[in-house]
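Examining the three-dimensional arrangement
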Amino acid sequence: MITSHLGELFALLTAFFWTTTSLSFQQATRRSGVLSVNVLRLIIAFIIYALISYFTRGMFLPFDASTHQWIWMSLSGIVGFVFGDYFLLKSYEFISARISMLLMSLSAPIAALISWISLGESMSFISLLAMFITIFGIIVVITEKKKLDEKKSGYKNKKLQFSFSPKGMLFAFFGSLGQALGLVLSKYGMQDYNVFAATQIRIIASSIGFVILISLIKRWPKVKQTVKDSISIKFILIGSIFGPFLGVYTSLLSVKFTSVGIASTIMAIIPVLIIPPAILIYKEKVTLKEVIGAFIALSGIALFFIQ
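Now for a description of the structure that goes with this document. If you're wondering where the values come from, they're calculated on a predicted model, not measured in any experiment.

1. As for the overall build of the protein chain
Broken down by element type, the protein chain carries 14 helices and two strands. Considering the protein chain as a whole, with its 307 residues, one finds that 52% of them fall into the buried category. Looking at the protein chain alone, contacts between residues at least 24 apart form 83% of all its contacts between residues at least 6 apart. About 14300 Å² of surface is accessible on the protein chain, with carbon and sulfur atoms providing 70% of the total.

Written out as structure tokens, the structure reads:
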């Protein structure tokens, strides 16, 4: 069973890693800003990948990659990290990591749709049902009905509205879009190439992308200020190890052994995993409706394992 569900198990492991990195980057972003956190976490990941690559593959950089792999994995890094992760971390300024990661679950149906159109991947009825259940769980969490007084008519009306910052949720949606497209580009670009080296290409491209961006808008003084903040650096270091390093590596392993839609949907377990630390560590108030919605999403993920 483990062998037949290897891709799904790697996706589950990715969810645990990204839960840790989400909570760490939430703290770092609120202290130091999204651009500083992004560029520093990628630089740290770049150094980690270069050292491990040298000791395991005999080269600091993936010189053995083909032109096809350099082009498509670089595009994947720019779309997934520069675009997707920028907006994900930006959402932490308006909503909690718990809600951001719940909205990131939307990357599953988005990735499945893109991979169906571009890669010809098919999804079974149960897989489609699982994704719809996941989306329904998200809707339960982020919306609520509030009573509004209708002065003219003299009765109370219930209107459906968002429970959290619309701007924060929009940024999280952009993050899910970037992650979904990044995964699809990774699967197309990686082919049979070494997963670790393919991830390293993504890190290199996105690091260069953020360096150029920060240089153009002249934000290096803010980055230097962050480097001097020991608390921010601690959270960035933890997030970098579990995110751009371990998390991204296992996410590419998952799409190598299963479809993009299945892998990205299983990664949506993060909103459930993040509830206990959100309550115990960060003292967030989590309503029963939000817990129920998160577990509805989790039940959709569980459907993949009964196929």
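2. Some words on a nonpolar patch on the surface
Among the surface-exposed residues, Ile-43, Phe-46, Ile-47, Leu-51, Tyr-54, Phe-55 and Phe-60 lie close enough to one another that they form a single nonpolar patch of about 680 Å² accessible area. Note on placement: Phe-46 falls in helix H2 (residues 34-57).

3. Digging into the environment of Ile-274
Residue placement: Ile-274 occurs in the loop between helix H12 (270-273) and helix H13 (275-280). Note on Ile-274: relative accessible area 0%, which makes it buried. Taking C-alpha positions, Ile-274 is 8.7 Å from Ser-22, a pair spaced 252 residues apart along the chain. Residue contacts for Ile-274: discarding those within four places in its chain leaves Thr-19, Ser-22, Leu-23, Ala-97, Arg-98 and Met-101.

4. Thoughts on the pattern of salt bridges
For the structure shown, the criterion picks out four salt bridges. The residue Asp-85 makes a salt bridge to Arg-41 at a minimum N-O spacing of 2.7 Å. On the criterion of sequence distance, the pair formed by Asp-85 in helix H3 (residues 67-91) and Arg-41 in helix H2 is long-range, its members being 44 residues apart. Taking the relative accessible area as the measure of exposure, Arg-41 reaches 3% and is therefore buried. Of the charged contacts in the structure, one is a salt bridge between Lys-90 and Glu-93, with a shortest N-O distance of 3.2 Å. What makes Glu-93 partly exposed here is its relative accessible area of 34%.

5. Description of the environment of Gly-247
Here Gly-247 is to be found in helix H10 (residues 230-257). On the accessibility criterion, Gly-247 (0% relative accessible area) is buried. Sequence separation between Gly-247 and Trp-18 is 229 residues; the distance between their C-alpha atoms is 6.0 Å. If we skip the residues at most four places from it in the chain, Gly-247 touches Thr-14, Phe-17, Trp-18 and Phe-242.

6. Overview of the packing of aromatic side chains
Taken as a whole, this structure holds 15 aromatic pairs when the rule is applied. A ring pair is formed by Phe-196 and Tyr-249, whose centres lie 5.9 Å apart and whose planes are at 75°; its orientation type is edge-to-face. Of this pair, Phe-196 sits in helix H8 (residues 195-216) while Tyr-249 sits in helix H10, and the two are 53 residues apart along the sequence. Joined through ring pairs, the aromatic side chains of Phe-83, Tyr-86, Phe-87, Phe-94, Phe-171, Phe-173 and Phe-174 make up one cluster. Above the ring of Phe-81, the side-chain terminus of Arg-202 is found at 4.8 Å from the ring centroid. Residue placement shows Lys-234 over the ring face of Phe-235; its charged tip is 5.0 Å from the ring centre.

Cut-off values and rules
Residues numbered from 1 in each chain as written. Predicted model: local features only at pLDDT ≥ 70, side-chain atom pairs only at ≥ 80, totals over all residues. Heavy atoms only, no water. Helix = DSSP H or I, 4+ residues; strand = E, 2+ residues; numbered from the N terminus. Buried < 20%, exposed > 50% of the residue type's maximum accessible area, 1.4 Å probe, protein only. Contact = heavy atoms within 4.5 Å. Areas by Shrake-Rupley, 256 points an atom, 1.4 Å probe, with all protein chains shown as cover. Patch = residues over 30% accessible without salt bridge, like charges linked within 9 Å, V, L, I, M, F, W, Y side chains within 5 Å. Salt bridge = Lys/Arg side-chain N within 4 Å of Asp/Glu carboxyl O. Phe/Tyr/Trp six-rings, centres within 6.5 Å; stacked < 30°, edge-to-face > 60°. Lys NZ or Arg CZ within 6 Å of the ring centre and 35° of its normal.

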